Amino acid sequence: MTEPPFDPNTAPRAGNSAQDRAAMRADMNKVALKLREAGIQLYGFYKIHDLVPYWNPLGFDFMCDNWRQLLDAAGKAPRLGSDQINMPGYDPWLQAGVKSVGFTQTGKAPHVHLDIAIDRPGLCRIYILEKDEERRLDALRRARVVTARDTDVFRKIHRRVEGLGIDLDDHIGSHLEAGRLVLDGINFVAKDHHRLLDALTNLKYPAGNNVFFRGERSGRGHFFGMASFLATDGIGFRQIWQTFPEERPVATPDPRTGPAMDPKASGRFGDSPNLPDLTSVHCAVSNRICNVHIDEMGFVVTDSKGTIIVDPDALRHIFVELLWKTNLQGKLPFWALDNVNFIIPSSPNDFSRVGVSVDIAKFGRVKIALNGSCSADGKMEAAGTLTLGFKF
């Protein structure tokens, strides 16, 4: 006699007993009570639903309709400190790439920890950190924003953006973080992201031209310009370089002041010193998190007629700054990311060289680098150099 086919409608259903459900509710209430000790009454105030409990650590994920109010309350709670940590043990949010802001209870352990996702609106979680994961959250933790403002990265970006006509202090709301490099930039939650969008969109150079090229991930409008924002979270803004001589002078030596290194020859030793600063401010604005950083190579320019042009320097930005120095963070040692530099055909080397440069030693303002490159203009010339640089 053959077995009948499986019928899900008649199959026995597994379920938790009433006793199991009561135990789970008791555990979740324990976590919620710890959060109330820290200053937030979760139940009945923030429209939470879809609770998913777990253990080790004890806690639960949930959806919150009023997550913005919860985020504001957490920032003001007297016994919660801003604390960006990963869940002990296996962290599913980390594996899924969820971006969030976190808060941990101050005082004596055990502590409750609250995470609020900023890229998946409404997703939240709370769990308890036991004594062996005790964290010290003192006045320094509460003054995290002040600490971020004290970094060179924040000061450089603030000064650069202020020079363009925007005071970031008018727009930084909370959760200010500064990265390792100006290429990483600063992250923050804006006081009013719509006001920041308007400020960046309407910002003008003295001559009346737009300072930023505004783009979105939709790909509408300027195709290549929009394509450059595919890795941007939210609405992106890239600083526009003017092609007028006074804004971006041609790299030619002035015979009245003496000879200068030929750009193609300089490619064997490093970037040509004859070009002006080609760095570019890049902003990403969303209702969850904002980022402002400085790209090493600007590639969005406009001609005298106002036409937007994405120049070939975009190749260097994509391969060096985006793929190598940004996307590989956490996958390669910082030493490699900071000291190995790829030579890509671009304005600084007159689009003539391709290769790699390794900083083998740094002593204060002195840097020794080993360079290997070959020509990219059909001459099939290769060169290896050891360069000694001084930073004045």
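Residues numbered from 1 in each chain as written. Predicted model: local features only at pLDDT ≥ 70, side-chain atom pairs only at ≥ 80, totals over all residues. Heavy atoms only, no water.

Trainee: Teacher, can you tell me more about the packing of aromatic side chains here?
Mentor: Tallying each qualifying case throughout the model produces two aromatic pairs. When the centroid spacing of 5.7 Å and the interplanar angle of 50° are considered together, the rings of phenylalanine 60 and phenylalanine 62 count as tilted. With respect to burial, phenylalanine 60 and phenylalanine 62 carry one shared label: buried. Taking NZ or CZ as reference, arginine 125 lies 4.3 Å from the ring centre of tryptophan 93, over its face. (Phe/Tyr/Trp six-rings, centres within 6.5 Å; stacked < 30°, edge-to-face > 60°. Buried < 20%, exposed > 50% of the residue type's maximum accessible area, 1.4 Å probe, protein only. Lys NZ or Arg CZ within 6 Å of the ring centre and 35° of its normal.)

Trainee: Please clarify how the sheet that holds strand β1 (residues 48-54) should be interpreted in this entry.
Mentor: Strand pairing in a sheet is mediated by backbone hydrogen bonds. Such pairs are either parallel or antiparallel. Across the sheet, six strands lie side by side as β1-β2-β6-β5-β4-β3; this open sheet has antiparallel pairing. Each end of this open sheet is capped by a strand with a single partner; those strands are β1 and β3 (80-82). For this sheet the average axis-to-axis angle between neighbouring strands, irrespective of direction, equals 20°. Looking at chain direction, strand β4 (residues 100-105) and strand β5 (residues 111-117) are connected through five bridges and run antiparallel. Within β5, the residue paired with glycine 102 across the bridge is aspartate 115. Of the strands in this sheet, β1, β2 (59-64), β3, β4, β5 and β6 (123-129) are in contact with helix α1 (residues 18-37), which crosses β6 at around 90°. Packing of helix α2 (residues 67-76) onto the sheet brings it into contact with β2, β3, β4, β5 and β6, and relative to β5 it is tilted by some 140°. (Pairing = 2+ DSSP bridges. Helix = DSSP H or I, 4+ residues; strand = E, 2+ residues; numbered from the N terminus. Axes fitted to C-alpha atoms, helices over the stretch in contact; angles between N-to-C directions. Contact = heavy atoms within 4.5 Å.)

Trainee: Sorry if this is basic, but what is going on with a nonpolar patch on the surface here?
Mentor: A cluster of nonpolar side chains, Leu315, Ile318, Phe319 and Leu323, forms an exposed patch at the surface whose accessible area comes to about 340 Å². The residue isoleucine 318 is located in helix α10 (residues 314-324) in this model. (Patch = residues over 30% accessible without salt bridge, like charges linked within 9 Å, V, L, I, M, F, W, Y side chains within 5 Å. Areas by Shrake-Rupley, 256 points an atom, 1.4 Å probe, with all protein chains shown as cover. Salt bridge = Lys/Arg side-chain N within 4 Å of Asp/Glu carboxyl O.)

Trainee: Whenever I open this one, unusual backbone geometry confuses me. Can you help?
Mentor: Glycine aside, a negative phi is what most residues show, and trans is what most peptide bonds show. Omega for the peptide link from asparagine 56 to proline 57 comes to 5°, which places this bond in the cis form. Locating proline 57 in the fold gives a position in the loop between β1 and β2. In the Ramachandran plot, aspartate 50 falls in the positive-phi region, its phi being about 55° despite a non-glycine side chain. Its location among the elements puts aspartate 50 in strand β1.

Trainee: Can you help me understand the pattern of salt bridges in this one?
Mentor: Where side chains of opposite charge bring their charged atoms close, a pairing between them can arise. As enumerated under the stated definition, the model contains six salt bridges in all. Between aspartate 72 and lysine 76 there is a salt bridge, and its shortest N-O distance comes to 3.2 Å. Placement of both aspartate 72 and lysine 76 in helix α2 is noted, with a separation of four residues, approximately one turn of the helix. The exposure class assigned to lysine 76 is exposed, which follows from its relative accessible area of 61%. The salt bridge partner of aspartate 115 is arginine 125, with a shortest N-O separation of 2.9 Å. Remark: arginine 125 occurs in strand β6 and aspartate 115 occurs in strand β5; sequence separation between them is ten residues. The class for aspartate 115 is buried, based on a relative accessible area of 2%. Arginine 125 sits in the buried class, given a relative accessible area of 2%. In this structure, a network of salt bridges that share partners links the residues Asp91, Asp115 and Arg125.

Trainee: I would appreciate a short explanation of the pairing of β1 in the present structure.
Mentor: Within a regular strand, the side chains alternate between the two sheet faces. Sheet topology note: the β1/β2 ladder contains five bridges and is antiparallel. Bridging across to β2, isoleucine 48 finds its partner in cysteine 64.

Trainee: Would you take a moment to explain the sheet that holds strand β13 (residues 290-295) for this structure?
Mentor: Spatially, β7-β8-β13-β12-β10-β9 is the arrangement adopted by the six strands of the open sheet, whose pairing is antiparallel. Looking at which strands have only one partner, the edges of the open sheet turn out to be β7 (172-178) and β9 (212-215). Neighbour-to-neighbour, the strand axes of the sheet open up by a mean angle of 20°, direction not taken into account. Summarising the sheet, strand β8 (residues 186-190) and β13 pair through three bridges and their orientation is antiparallel. Across the sheet, residue phenylalanine 188 finds its bridge partner in β13, namely cysteine 290.

Trainee: Help me understand α2, please; the structure alone is not making it clear to me.
Mentor: A turn of α-helix holds 3.6 residues, and therefore any two residues three or four places apart point the same way. Of the residues making up α2, those classed as buried are Trp67, Leu70, Leu71 and Ala74. An end-on view of α2 places all buried positions within 100° of arc, on one side of the element. Residues of α2 that are buried make contact with β2, β3, β4, β5, β6 and β7. (Arc of directions from axis to C-beta.)

No statement about biological role is implied by the geometric values presented.
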